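Close look at the chain arrangement
Each chain, letter by letter, is given below.
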Amino acid sequence: MNSFSKIASAGCLLLFSTLLVENVNAQNTTAPMNNPLLQRSTLQYQTPPFDKIKDEHFKPAFDYGLKVHDEEIEKITNNTAKPTFENTVLALETCGVDLGRATGVFYNLSGSNTNPTLQAIEAEYAPIFSAHNDKIYLNSKLYNRIKCIPLSSLKGEDKKLTEYYLQQFELAGANLSEADKEKMKKINEELATLSTLYSNKLLTARKNAAVFFDAASDLAGLTPDEIAAAKANATAAGQDGKYMIAIINTTQQPVLMSLTNRASREKVFKASWYRAEKGDEGDTRETLEKMAKLRLQKAKLMGKKSFAEWKLQDQMAQTPAPAMDLLAKIAKPAVAKANEEAKDIQALIDAQNGGFKLEPWDWDYYSEQVRKAKYDLDESQIKPYFEIGSVLEKGVFFAAKQMYGLTFKERNDLPVYNSDVKVYEVFNDKGTSIAIYYLDFYARDNKNGGAWMSNLVNQSHYLNQKPVIVNVYNFAKPVNGNPSLISFDDVTTLFHEFGHTLHGLFANQKYVTLSGTAVPRDYVEFPSQINEHAALDPTVLKNYAVHYQTKQAIPQELIDKIKKADTFNKGYVVTELLAAATLDMAWHSVEKESDFKPTLDFEKEALQKYGLLVNEVPTRYHSPYFAHIWGGGYSAGYYAYTWSKTLDYNAYDWFEANGGMTRKNCDRFVKYILSVGNSVDLNKAFKEFIGHDMKIEPYLKNAGLTK
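Parameters at a glance
Residues numbered from 1 in each chain as written. Predicted model: local features only at pLDDT ≥ 70, side-chain atom pairs only at ≥ 80, totals over all residues. Heavy atoms only, no water. Helix = DSSP H or I, 4+ residues; strand = E, 2+ residues; numbered from the N terminus. Rg over C-alpha atoms; globule rule 2.2 N^0.38 Å. Buried < 20%, exposed > 50% of the residue type's maximum accessible area, 1.4 Å probe, protein only. Contact = heavy atoms within 4.5 Å. Areas by Shrake-Rupley, 256 points an atom, 1.4 Å probe, with all protein chains shown as cover. Lys, Arg positive; Asp, Glu negative; His and termini not counted. Charge placed at Lys NZ, Arg CZ, Asp CG, Glu CD. Domains from an automatic or database assignment. Axes fitted to C-alpha atoms, helices over the stretch in contact; angles between N-to-C directions. Left-handed = near helix turned anticlockwise from the far one by under 90°. Nonpolar A, V, L, I, M, F, W, Y, C, P; charged D, E, K, R; others polar. Expected span 1.5 Å × (residues − 1). Parallel < 35°, antiparallel > 145°, perpendicular 65-115°, else oblique. Pairing = 2+ DSSP bridges. Polar contact = N/O pair within 3.5 Å; in protein donor to acceptor, adjacent residues only side chain to side chain.

Right, let's talk about the overall build of the chain for a bit. What the chain contains, in helices and strands, is 26 helices and seven strands. For 707 residues, the compact-globule estimate of 2.2 N^0.38 gives 27 Å, and the chain sits close to it at 25 Å. Here the C-alpha coordinates of the chain stretch approximately 85 × 60 × 55 Å along the principal axes. Considering the chain as a whole, with its 707 residues, one finds that 60% of them fall into the buried category. Taking the intrachain contacts of the chain between residues at least 6 apart in sequence as the baseline, contacts between residues at least 24 apart amount to 75%. Accessible surface computed for the chain: about 27600 Å², of which carbon and sulfur atoms make up 50%. In the chain, 82 side chains carry a positive charge and 86 a negative one; their mean positions are 3 Å apart.

Here is the structure:
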């Protein structure tokens, strides 16, 4: 029993694994043999048979899986034999196979390729899964069996797994009175329903927020290919003759960097900002306000002052204070830097006789001009060197070979869930096959925004499983045979998400629950952020940054400009991120329900309190569309990106001091970081890797926030 993938419902995070294995426990119920979700896949590494899986298979699979899982849990709980690791913890770890298989596939599809049927199923089963989860983790008899197992008799992963389950039962409320357990069950059920409702509302809001323009001239500044794509998108949306710009999940939108028409920029920005607060079917405010109050009630039941205090117990930070302290120490210099950047932009506007005050929708457009003036670097100059296929195969894959000895072979014989998806087999430096890797590049209106990595099958030596991993992105799909050219920020995103994949590929654990990326939220981004640095490694960059027309490698002059501009606009970037992290912590640090206010008022006061209410620098996620914390697993955890980035900058300094991202240094990184999963003390593992505890100074230095 392990957690859902990252895109699963936040209300059920403790519940299921994606174990695609034969159940080691006896089952008394006969599985419907015509349902592919209830059969062990015969494809390589138990890759899901997407060509056979239909929407109508999910509900029967869920119902059957729930029934079998109930029987298994009852058998473990009522076992009259003395509790042992094998008959209690290991039995718990390896049950729920059918349910895990079905939910693992379902939540991957509901995130990347959903439809009204899947949305309805998700809404229907969210409270059912929550109740099932509670039935397990609020089971005092089962919890007491685990407590009876002497930890001193265990070692290695057996001991770590036992400790993990003890903590999860305690965090869930296994020690509560029966009356309070019933209250907790009700809260969890309602939260699960609301989380699903929020996600579905937000998908509607994002789709409805698409901006239509009447003339191509409104999109002046975009490339001909981008304008052609906007025209095709409008036609597909039933608005033939118009031009459509879809809204992505962040506040700022990529086109704002290029649009020369200020009115068009304002229109796009406001469509993004107001998307989920229009009083329509996509308005999320009432839903998230209910969730915030229920989360506080949940924390109070557990004897904690706030939801954040309850939530951070199993994280590296452990309590809200260290997390907020880190955010505050970075916020002051970040805002100061952002204010300096704003002055530079305003000076440029004034020099051009703009006659207006800098607004959020102007920032990306004019900051790009400032960057060009300061560093002679124009995004349009470098985009032609970043064709998405080349970045993947000659960049991301090439770096993986240089640094870790990995190679990739495209597979056209394995089924996919969408025709855009590609599949690769992964081999280690000895030529041994180690994993299957799915890649889903392009945006669809039935896909969640953002980018992520998830396991379809988790690594486990005990179960003899190799990983099956998927990376999902939201890049614009090329039209009319044109290449898909991406920004350097998008290049960084590719390397970042593949860093999560590396964490999964090098997983070397006995048990699924401790395997690979199954680590605390404030640690999981660290390996992915380290891999971002590979994008600028000289050997790697020269290999993938090839002009799509001339086939010439990117000139050293442009490389130097990219590196010099690396800390450009960092005040803005860090401030918008810290604003979101602080906003998340503010929502979840409330100690009295009466302190909650309507969404927009609460947000404004929280940002103002922490000095992060900067008009020109809006929070990366406005509360109504902050999917990470209301529809995902990052509630009271968005600070994790900053915590992990601090770990990253500490480790990067170590790499730089020891010769860079060489094969020798990367092998050390695999040994201490990528291969250990959650099987060891991660604070200790990090210290063993670089020789000291995490410090804040490397963050401030590398982000260019020091004088």
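Additional details are given in the paragraphs that follow.
Domain annotation for the chain reports domain 1 (44-175) and domain 2 (211-274). For domain 1 versus domain 2, the distance between C-alpha centres works out to 44 Å.

Moving on, we get to the packing of helix α1 (residues 58-77) against helix α3 (residues 97-112). Working note: a packed helix pair is described by the angle between its axes plus the distance between those axes. For the pair α1 and α3, interaxial distance at closest approach is 8 Å and the crossing angle is 145°. The way α1 lies across α3 gives a crossing that is left-handed. The segment α1 lies against α3, with F58, A61, F62, Y64, G65, L66 and H69 engaging D98, L99, A102, T103, V105, F106 and L109. Among the residues forming the contact of α1 with α3, the class breakdown is 10 nonpolar, three polar and one charged.

A word on helix α16 (residues 488-505). Between the first and last C-alpha of α16 there are 25 Å, a value that for 18 residues agrees with the 26 Å anticipated at 1.5 Å per step. The buried fraction of α16 is high, at 15 of 18 residues.

This paragraph deals with the packing of helix α7 (residues 178-208) against helix α10 (residues 285-301). With their axes 9 Å apart at the nearest point, α7 and α10 run at an angle of 155° to one another. Taken as axis vectors, α7 and α10 run roughly antiparallel relative to one another. As for the relative orientation of α7 and α10, their crossing is left-handed in sense. Touching D180, K183, M184, I187, N188, E190, L191, L194, S195, L197, Y198 and K201 of α7 are T287, K290, M291, L294, R295, Q297, K298 and L301, all from α10. In terms of residue class, the contact of α7 with α10 is made up of nine nonpolar, four polar and seven charged.

Right, let's get into the pairing of strand β5 (residues 433-442). Judged by how many residues are buried, β5 sits mostly within the fold: 10 of 10 residues are covered. By the bridge criterion, six bridges tie strand β4 (residues 422-427) to β5 in an arrangement that is antiparallel. For E425, the partnering residue across the bridge sits in β5 and is I436. Linking β4 back to β5 in an antiparallel pair, the connection comprises five residues, with G431 at a positive phi of about 85°.

Attention now moves to the side chain of S264. Looking at the element boundaries, S264 is found in helix α9 (residues 262-273). Assessed through its relative accessible area of 4%, S264 is described here as buried. Side-chain polar atoms of S264 contact the backbone oxygen of D218, separated by 2.8 Å.

This part covers helix α24 (residues 663-674). Over its 12 residues, α24 extends only 14 Å from the first C-alpha to the last, a length that falls short of the 16 Å expected when each residue adds 1.5 Å. Those residues of α24 that sit buried are N665, C666, F669, V670, Y672, I673 and L674. Elements in contact with the buried residues of α24: α15 (388-404), α16, α17 (521-532), α23 (640-657) and α25 (682-690).

Before going further, it helps to spend a moment on unusual backbone geometry. Its identity as a non-glycine residue notwithstanding, N464 has a phi of 55°, on the positive side. Inspection of the secondary structure assignment puts N464 in the loop between β6 (452-457) and β7 (468-475). Residues other than glycine seldom take positive phi values, yet A636 does so here, at roughly 55°. Along the chain, the position of A636 falls in the loop between α22 (627-630) and α23.

This next bit is on the sheet that holds β7. As summarised here, the arrangement of the five strands in space is β3-β4-β5-β7-β6, forming an open sheet in which the pairing is mixed. Two strands close off the open sheet at either side, each with one partner strand: β3 (407-410) and β6. For this sheet, the mean inter-axis angle between neighbouring strands, taken without regard to orientation, is 30°. Strand direction decides the pairing type here: β5 and β7, joined by six bridges, are parallel. The partner of Y442 across the bridge, within β7, is F475. α3 contacts β5, β6 and β7 of the sheet and is inclined by roughly 150° relative to β6. In the packing of α16 onto the sheet, the strands contacted are β3, β4, β5, β6 and β7, and the crossing angle to β7 comes to about 165°.

Turning next to the pairing of β4. The buried fraction of β4 amounts to five of the six residues, a majority that puts the element mostly inside the structure. In this sheet, β4 lies alongside β3 in antiparallel orientation, the contact comprising four bridges. Looking across to β4, one finds that K409 is bridged to E425.

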